[in-house]
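Overview (structure and organization)
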Amino acid sequence: WGMINQQPGNVAQMLPAAAEAPVITLISASQTGNARRVSEQLRDDLLAAKLNVNLVNAGDYKFKQIAQEKLLIVVTSTQGEGEPPEEAVALHKFLFSKKAPKLTATAFAVFSLGDTSYEFFCQSGKDFDSKLAELGGERLLERVDTDVEFQPAAAEWRAKIVEVLKSRIPAETPAQAAVTATGAVNEIFSSPYTKEAPLTATLAVNQKITGRDSEKDVRHIEIDLGDSGLRYQPGDALGVWYQNDPALVKELVELLWLKGDESVTVDGKTLPLSEALEWHFELTINTANIVEKYAQITRNAALLDLVGDKTKLQHFAQNTPIVDMVRYAPDELTAEQLIDLLRPLTPRLYSIASSQAEAETEVHITVGVVRYDIEGRARTGGASGFLADRLEEDGEVRVFIEHNDNFRLPANPEAPVIMIGPGTGIAPFRAFMQQRENDGASGKNWLFFGNPHFTDDFLYQVEWQRYVKDGLLTNIDLAWSRDQQHKIYVQDKLREKGAELWNWINEGAHIYVCGDANRMAKDVEQALLEVVAEFGGMDLDSADEFLSELRVERRYQRDVY
Ligand code: 2AM
């Protein structure tokens, strides 16, 4: 490739015949579907340019052969504290391990999706980009890091990378390109409803399922899909578009000495400011970027001070909703200035808590309502507040299905299933059990659940008890963290039951973890490692490899957030 670089005019002559032209491998590493959408668009662009491309999900990618790649594109998002999306964890681990090969024959490029409200913005993209270079790969194009509004930057980057790749390989006949591509793409059954064109559904049930004395407000929400024909599978998530609280919009508008009836333009449409704020902009989550922009507009001394200190700035942004930042440093803004400051509203994804085998035209979700207090003012999460407090029965809500092939029941109905889901992490396991009951799946099932108190926080208690009674749920282990002096968590239960867990794993069990990514999922993984090490008679490094193998075999799957 080095030689070809220096003689771009001779590329066609120096390469083998078109049929053997290097295939572009396009790895899609997606958490919420956005990276997947960008990857599909890029695949279509490459096909249109008559280039031979193989689009593969990170979880399906045979990464041990990565050194054989000639042209490698990675489109990745980031989750939690700078981690790669779940499906790319094994690939990421491999590249950062001692086993990573030299990539002297590989030219690569990385496109990175992220969210500036997180401290480790786009870290996964940065990791892949720097690691591929460090291993000897040649960077074809500079990486781009994007915020939630990624589409314009993605379109620009796609156009650039297509040009770069065109200059690298001679175009093939369209037929050849198409064959390779269709073979590689596993199209999910398509639905007319998407993130951009959601289904208007209605709220059927909104029931608080935590007790009166609980510190938490968790809702069981049932949404009626009507005769839409919308289909989903256990493991999928429901995307929910929401309306910001009109009272919050009013508060914000008044603090900025605006009226709310000013005309603004959003996506080419003119509408009143208040309506734009209610439906089109993120109002609940603040970011360092927004604080910085607001500091520049207002020239507020205290805010400008923060801008000089990244840690303090991040801390302030994370703990001060936009409206409270404005209250802290009030100013007069034009409607245009306010709109420019904000990020577009994005839908929230909730793990689906029902199986269609049972819920039919309904979809159920388990929503932990975000409620907190800033200087005596009650604040609620955007989507959870909308679902719990503002959406009336039969009220309209726009939804879509986000398919998640990285969280699926075993294909084999006899395989044992281990489910670890404290808090609202219980949701997909309710769907799993409904499905397994409907399928008459004979495999054993084991649930690990935890929450603060038995009396107030045992989500779906009656259902679990019935499953135990009917023999569908073989084992249930409960960790009530605050029902005794010392904390007990699901990972403690895992350690306690280590010997039996190891037996289940040897019998081919699939392990699923759902819930909090930052603390729970990490602590649970550590406990699993220790169990594997102790009862499998391995050191921790071998246990780590064992768990990676399980991941690759789809026997260790996580849906963590
Ligand atoms: P705590 O809030 O009493 O500490 C669901 O949120 C449950 O998960 C709660 O019981 C909560 O306990 C618990 N939890 C908090 N941190 C955890 C961790 N690191 N690992 C596992 N469970 C945790």
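Heads up: these notes are all about the structure in this document.

Conventions used here
- Every chain is numbered independently, its residues counted from 1 as its sequence is written.
- Under the rules for a predicted model, residues below a pLDDT of 70 receive no local features and side-chain atom pairs below 80 are neither given nor counted, while totals for whole chains, interfaces and linings still include all residues.
- Side-chain numbers come from the whole structure's heavy atoms, not from hydrogens or water.
- Strands here mean DSSP runs of E at least two residues long; helices mean DSSP runs of H or I at least four residues long; both are numbered from the N terminus.
- Burial classes follow relative accessibility: with a 1.4 Å probe on protein chains only, a residue under 20% of its type's maximum area counts as buried, one over 50% as exposed, and anything between as partly exposed.
- Here a residue-residue contact requires only that any non-hydrogen atoms of the pair lie within 4.5 Å.
- Positive: Lys, Arg. Negative: Asp, Glu. His and the chain ends are not part of the count.
- To locate a charge, the coordinates of NZ of Lys, CZ of Arg, CG of Asp or CD of Glu are taken.
- The definitions used throughout rest on a 1 Å grid laid over the protein atoms alone, on which a cavity is an enclosed set of points accommodating a 1.4 Å probe that cannot get out and a pocket is an open set flanked by protein within 12 Å on both sides along at least five of seven lines; lining residues are those having an atom within 4 Å of a point.
- Grid points are joined across faces, edges and corners, and a volume is the space filled by probe spheres set on the points.
- Under the scheme applied here, ten amino acids are nonpolar (Ala, Val, Leu, Ile, Met, Phe, Trp, Tyr, Cys and Pro), four are charged (Asp, Glu, Lys and Arg), and all others, including Gly, are polar.
- Between any two strands, at least two bridges found by DSSP are needed for them to pair.
- To get an axis, a line is fitted to the C-alpha atoms, and for a helix only the part in contact is used. The angle between two axes follows their N-to-C directions and goes from 0 to 180 degrees.
- Any residue with a heavy atom lying within 4 Å of a molecule or strand is counted as near it.
- Definition of a polar contact: a pair of N or O atoms within 3.5 Å, with one able to donate and the other able to accept a hydrogen when the atoms are protein atoms, and with sequence-neighbouring residues admitted only if both atoms are side-chain atoms.
- Each accessible area is a Shrake-Rupley estimate made with a 1.4 Å probe; only the visible protein chains count as cover when residues are assessed.
- For this analysis, a ring pair means two rings from Phe, Tyr or Trp (six-membered ring only for Trp) whose centres lie within 6.5 Å, classed as stacked if their planes differ by under 30 degrees, edge-to-face if by over 60, and tilted for the remaining angles.
- With the far helix as reference, a near helix turned anticlockwise by less than a right angle produces a left-handed crossing, and one turned clockwise produces a right-handed crossing.
- The span expected for a helix works out to 1.5 Å for each residue beyond the first.
- By convention a crossover is right-handed if, when the strands point away from the viewer, the path from the first strand over the helix to the second runs clockwise.
- Salt bridges are defined by distance alone: a side-chain nitrogen of Lys or Arg within 4 Å of a carboxyl oxygen of Asp or Glu.

**Quick notes on the overall build of the chain**
If you tally the helices and strands in the chain, you get 23 helices and 21 strands. Counting only C-alpha atoms, the chain reaches 75 × 65 × 50 Å along its principal axes. Taken across its 561 residues, the chain has 54% of its residues classed as buried. Long-range pairs, those at least 24 residues apart, make up 78% of the contacts in the chain between residues at least 6 apart in sequence. Each charge class in the chain can be summarised by its mean position, and for the 57 positive and 86 negative side chains these summaries are 3 Å apart.

**A word on the layout of surface pockets**
In this structure, the second largest pocket occupies an estimated 760 Å³ of space. Around the second largest pocket sit 23 residues that line it, and Trp241, Asp267, His280, Pro344 and Leu345 are the ones nearest its centre. Taken together, the elements giving at least two residues each to the lining of the second largest pocket come down to helix H6 (151-168), strand S10 (263-266) and helix H9 (273-280). Its residues assigned to classes, the lining of the second largest pocket shows 13 nonpolar, 4 polar and 6 charged.

**Overview of the sheet that holds strand S19 (residues 475-480)**
Read across the open sheet, the 5 strands follow the order S19-S18-S17-S20-S21; overall the sheet is parallel. The open sheet has two edge strands, S19 and strand S21 (556-560), and neither has a second partner. Averaged over all adjacent pairs, the angle separating strand axes in this sheet is 10°, with direction ignored. Direction of pairing for strand S17 (residues 417-420) relative to strand S20 (residues 510-515): parallel, over a ladder of 4 bridges. In the strand pairing of S20, isoleucine 420 is matched with valine 513. Set on the sheet, helix H21 (residues 498-506) makes contact with S17, strand S18 (445-451), S19 and S20; between it and S18 the angle comes to about 135°.

**A look at the environment of leucine 256**
Counting through the fold element by element, leucine 256 comes out in the loop between helix H8 (246-255) and S10. With a relative accessible area of 0%, leucine 256 lands in the buried category. The spacing of leucine 256 and glutamate 86 is 170 residues in sequence and 41 Å in space, taken between C-alpha atoms. Ignoring sequence-local partners within four residues, the contact set of leucine 256 consists of Tyr294, Val326, Asp331, Glu332, Leu333 and Leu338.

**Overview of the environment of alanine 383**
Along the chain, alanine 383 turns up in helix H16 (residues 382-390). With a relative accessible area of 1%, alanine 383 lands in the buried category. Taking the C-alpha atoms as reference, alanine 383 lies 9.3 Å from valine 367; in sequence the two are 16 residues apart.

**Let's talk about the sheet that holds strand S12 (residues 348-351)**
Pairing within the open sheet is antiparallel, and its 6 strands lie in the order S12-S9-S16-S7-S8-S13. Where the open sheet ends on each side, the last strands, each with one partner, are S12 and strand S13 (362-368). Going across the sheet, the axis of each strand differs from the next one's by a mean of 40°, ignoring polarity. Across 7 bridges, the pairing between strand S8 (residues 218-224) and S13 is antiparallel. Paired with arginine 219 across the strands is valine 367, a residue of S13.

**Observations concerning the site of the ligand**
Near the ligand there are 13 residues, and of these Lys216, Ser481, Arg482, Lys487 and Tyr489 occur at the shortest range. At 3.4 Å from an oxygen atom of the ligand is found a main-chain nitrogen or oxygen belonging to asparagine 451. Residue glutamine 491 places a side-chain N or O atom 3.0 Å away from a nitrogen atom belonging to the ligand. Its free accessible area being 480 Å², the ligand has 85% of it covered by the protein chains. At the level of secondary structure, the elements contributing two or more residues to the shell around the ligand comprise S18 and helix H22 (520-536).

**Looking at the packing of aromatic side chains**
Two descriptors summarise a pair of aromatic rings, namely the distance from one centre to the other and the angle between the planes of the rings. Considering all chains together, one arrives at 17 aromatic pairs under this definition. Ring centres 5.0 Å apart and planes at 40° place the aromatic pair phenylalanine 63 and phenylalanine 94 in the tilted group. Separated by 31 residues along the polypeptide, phenylalanine 63 in the loop between strand S2 (53-57) and strand S3 (71-76) and phenylalanine 94 in helix H4 (residues 89-95) bring together distant segments of the chain. In this structure phenylalanine 63 comes out as buried when scored by relative accessible area, which is 11%. The class of phenylalanine 94 is buried, set by a relative accessible area of 10%.

**Remarks on the packing of helix H3 (residues 34-48) against H6**
Interhelical geometry of H3 versus H6 gives an angle of 35° and a closest axis separation of 10 Å. For the pair H3 and H6, the crossing hand works out as right-handed. From H3, Val38, Gln41, Leu42, Asp45 and Leu46 reach across to H6, where they touch Gln151, Ala154, Trp157, Arg158, Ile161, Val162 and Leu165. Along the lines of polarity and charge, the residues of the contact of H3 with H6 split into 8 nonpolar, 2 polar and 2 charged.

**Quick word on unusual backbone geometry**
Notably, tryptophan 257 is not glycine yet its phi reads approximately 60°, a positive angle. Looking at the element boundaries, tryptophan 257 is found in the loop between H8 and S10. In this model, tyrosine 460 sits at a positive phi of 60°, which is unusual for a non-glycine residue. Relative to the helices and strands, tyrosine 460 is located in the loop between helix H18 (454-457) and helix H19 (461-469).

**Topic: helix H5 (residues 123-134)**
Between its first and last C-alpha, H5 extends 16 Å over 12 residues, near the 16 Å set by a 1.5 Å rise per residue. In this fold, the buried residues of H5 make contact with S3, H4, strand S4 (107-113) and strand S5 (138-139). At the C-terminal side of H5, glycine 136 shows a positive phi close to 110°.

**Quick look at the pairing of S17**
Where burial is concerned, the two faces of S17 agree: the one with Val417 and Met419 and the one with Ile418 and Ile420 are both buried. Strand direction decides the pairing type here: S17 and S18, joined by 4 bridges, are parallel. Paired with valine 417 across the strands is asparagine 445, a residue of S18. With helix H17 (residues 427-439) bridging S17 and its parallel neighbour S18, the resulting β-α-β unit is right-handed.

**Description of the pattern of salt bridges**
Two side chains with opposite charge may pair up if their charged atoms get near one another. Within the structure shown, the criterion is met by 43 salt bridges. The shortest N-O distance in the salt bridge between glutamate 463 and arginine 430 comes to 2.8 Å. Of this pair, glutamate 463 sits in helix H19 while arginine 430 sits in helix H17, and the two are 33 residues apart along the sequence. Residue classification places glutamate 463 among the partly exposed positions, given a relative accessible area of 26%. When the shortest N-O distance is used, the salt bridge between glutamate 553 and arginine 555 registers 3.5 Å. On the basis of relative accessible area, glutamate 553 is assigned to the partly exposed category, the value being 41%. One continuous salt-bridge network, built from bridges that share partners, spans Glu86, Glu525, Arg551 and Arg558.

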